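Residue-level listing of the chains:
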Amino acid sequence: YPIPDQPPNSPPSTSNNSGLNFWDCTKINIKKTVIRNYNSFTAAGGAQFVWFENSEATIRDQSQVLLEEVQFIDNTSENGPGGLALINPRQVTLKGATFYRNISEKNSGGGLLFTCENPKSSPCQLKLDPTSENSFSKNQAGKNGGGICWTDMPPASGFDQTKFVENTAFYGPNISGI
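Residues numbered from 1 in each chain as written. Predicted model: local features only at pLDDT ≥ 70, side-chain atom pairs only at ≥ 80, totals over all residues. Heavy atoms only, no water.

Participant: Can you walk me through the overall build of the protein chain in this structure?
Facilitator: In terms of regular secondary structure, the protein chain is built from one helix and 20 strands. The burial tally for the protein chain puts 48% of its 178 residues in the buried class. In the protein chain, once contacts between residues fewer than 6 apart in sequence are set aside, the share between residues at least 24 apart is 84%. (Helix = DSSP H or I, 4+ residues; strand = E, 2+ residues; numbered from the N terminus. Buried < 20%, exposed > 50% of the residue type's maximum accessible area, 1.4 Å probe, protein only. Contact = heavy atoms within 4.5 Å.)

Printed below as a string of structure tokens:
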């Protein structure tokens, strides 16, 4: 299904909404999709995938996300990550994903923020598929990780095959762990 672009320079939403929102889903596959020109005040600009720590264990433990040939372009958030927020997922794979000119104005994760709130009891995994090139270009973050920022758990694999170009942040222009 096509996702409609927001008009360029749309005013930020004052709600906690992104272009796409997924909450407590067990399986998500998104392929060959462009998520562009979304703006948010508190949430991720482009998309957010959230699994609550107190959600049913079977949902959280079975959660799988595949983003294949998905493009996050020109998304902005004033207080959240710019392109994509991944919060407490069990397993996420990025395959040929593009993050271009996404902005987190006052926070971390210009392109992508990956958070795992309780990695010891409920581990999370982000894989940057090494068989395809993921790219992070010209993303910006006001704090950490212009390209990618993670908390607690770094991405499991694929940094060597990932392209980082001209990302900016106060700390860690391309990648940052906090």
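Participant: How should I be thinking about the sheet that holds strand β17 (residues 148-151) in this particular structure?
Facilitator: With parallel pairing, six strands are arranged side by side in an open sheet as β1-β5-β9-β13-β17-β20. A strand with exactly one partner marks an edge of an open sheet, and here the two such strands are β1 (20-23) and β20 (175-177). The sheet shows a mean angle of 5° between the axes of neighbouring strands, direction not considered. Two strands pair when backbone bridges link them, and strand β5 (residues 47-50) and strand β9 (residues 84-87) are joined in this way by four bridges, in the parallel orientation. Residue pairing for β9: Phe 49 is matched across the bridge by Leu 86. (Pairing = 2+ DSSP bridges. Axes fitted to C-alpha atoms, helices over the stretch in contact; angles between N-to-C directions.)

Participant: Would you take a moment to explain the packing of aromatic side chains for this structure?
Facilitator: On inspection of all chains with the given rule, the structure shows five aromatic pairs. Between Phe 99 and Phe 136, the aromatic rings sit 4.5 Å apart at their centres with planes inclined by 0°, giving stacked as the arrangement. One end of the pair, Phe 99, is in strand β11 (residues 98-100); the other, Phe 136, is in strand β15 (residues 135-137), and 37 residues separate them in sequence. For Phe 99, a relative accessible area of 0% gives the class buried. (Phe/Tyr/Trp six-rings, centres within 6.5 Å; stacked < 30°, edge-to-face > 60°.)

Participant: It is not clear to me how the state of the cysteines should be interpreted in this structure. Could you clarify?
Facilitator: Structurally, a disulfide amounts to a covalent bond that connects the sulfur atoms of two cysteines. A full pass over the atoms with the stated rule returns one disulfide. The side chain of Cys 116 participates in a disulfide bridge whose partner is Cys 124; the two sulfur atoms lie 2.4 Å from each other. Because the sign of the S-S torsion sets the handedness, a value of about 80° for the bond joining Cys 116 and Cys 124 places this disulfide among the right-handed ones. The exposure class of Cys 116 is buried, given its relative accessible area of 0%. Taking the relative accessible area as the measure of exposure, Cys 124 reaches 4% and is therefore buried. (Disulfide = S-S within 2.5 Å.)

Participant: How should I be thinking about the nonpolar core in this particular structure?
Facilitator: Grouped burial of nonpolar side chains is what soluble globular proteins tend to show. Judged by nonpolar contacts, the single largest core of 26 residues is most densely connected at Leu 67, Leu 84, Leu 94 and Leu 112. Listing elements by their share of this core, those giving two or more residues are β2 (27-31), β5, β6 (64-68), β9, β10 (91-95), β13 (112-115), β14 (126-128) and β17. (Core = buried A, V, L, I, M, F, W, Y, C linked by side-chain atoms within 4.5 Å.)

Participant: Would you mind showing me how to read the confidence of the model for the protein chain here?
Facilitator: Regions with low pLDDT carry predicted coordinates that are not meant to be interpreted in detail. Mean pLDDT over the protein chain works out to 83, with 83% of the residues at or above the 70 mark. Averaged pLDDT values over the elements of the protein chain bottom out at 62 in helix α1 (residues 57-62) and peak at 98 in β15. Low confidence marks residues 11-15, where pLDDT is under 50. Its contacts with residues over four positions away, or in another chain, come to eleven contacts. (pLDDT = per-residue confidence, 0-100.)

Participant: Teacher, can you tell me more about the pattern of salt bridges here?
Facilitator: Where charged atoms from two side chains of opposite charge approach closely, those side chains can pair. Within this structure, the stated rule accounts for three salt bridges. Between Asp 74 and Arg 101 there is a salt bridge whose closest N-O contact spans 2.8 Å. Of this pair, Asp 74 sits in the loop between β7 (71-73) and β8 (76-77) while Arg 101 sits in the loop between β11 and β12 (103-104), and the two are 27 residues apart along the sequence. A residue is classified by how much of its surface remains accessible, and Arg 101, at 37% relative accessible area, is partly exposed. (Salt bridge = Lys/Arg side-chain N within 4 Å of Asp/Glu carboxyl O.)

Participant: Even after reading the chapter, I still don't get the sheet that holds β14, so can you show me in this structure?
Facilitator: In spatial order, the strands read β2-β6-β10-β14; together these four strands make up an open sheet with parallel pairing. Only two strands of the sheet have a single neighbouring strand rather than two, namely β2 and β14. Pairs of neighbouring strands in the sheet enclose a mean axial angle of 10°, with direction left out of account. Looking at chain direction, β6 and β10 are connected through five bridges and run parallel. Bridge pairing in β10 links Leu 66 to Thr 93.

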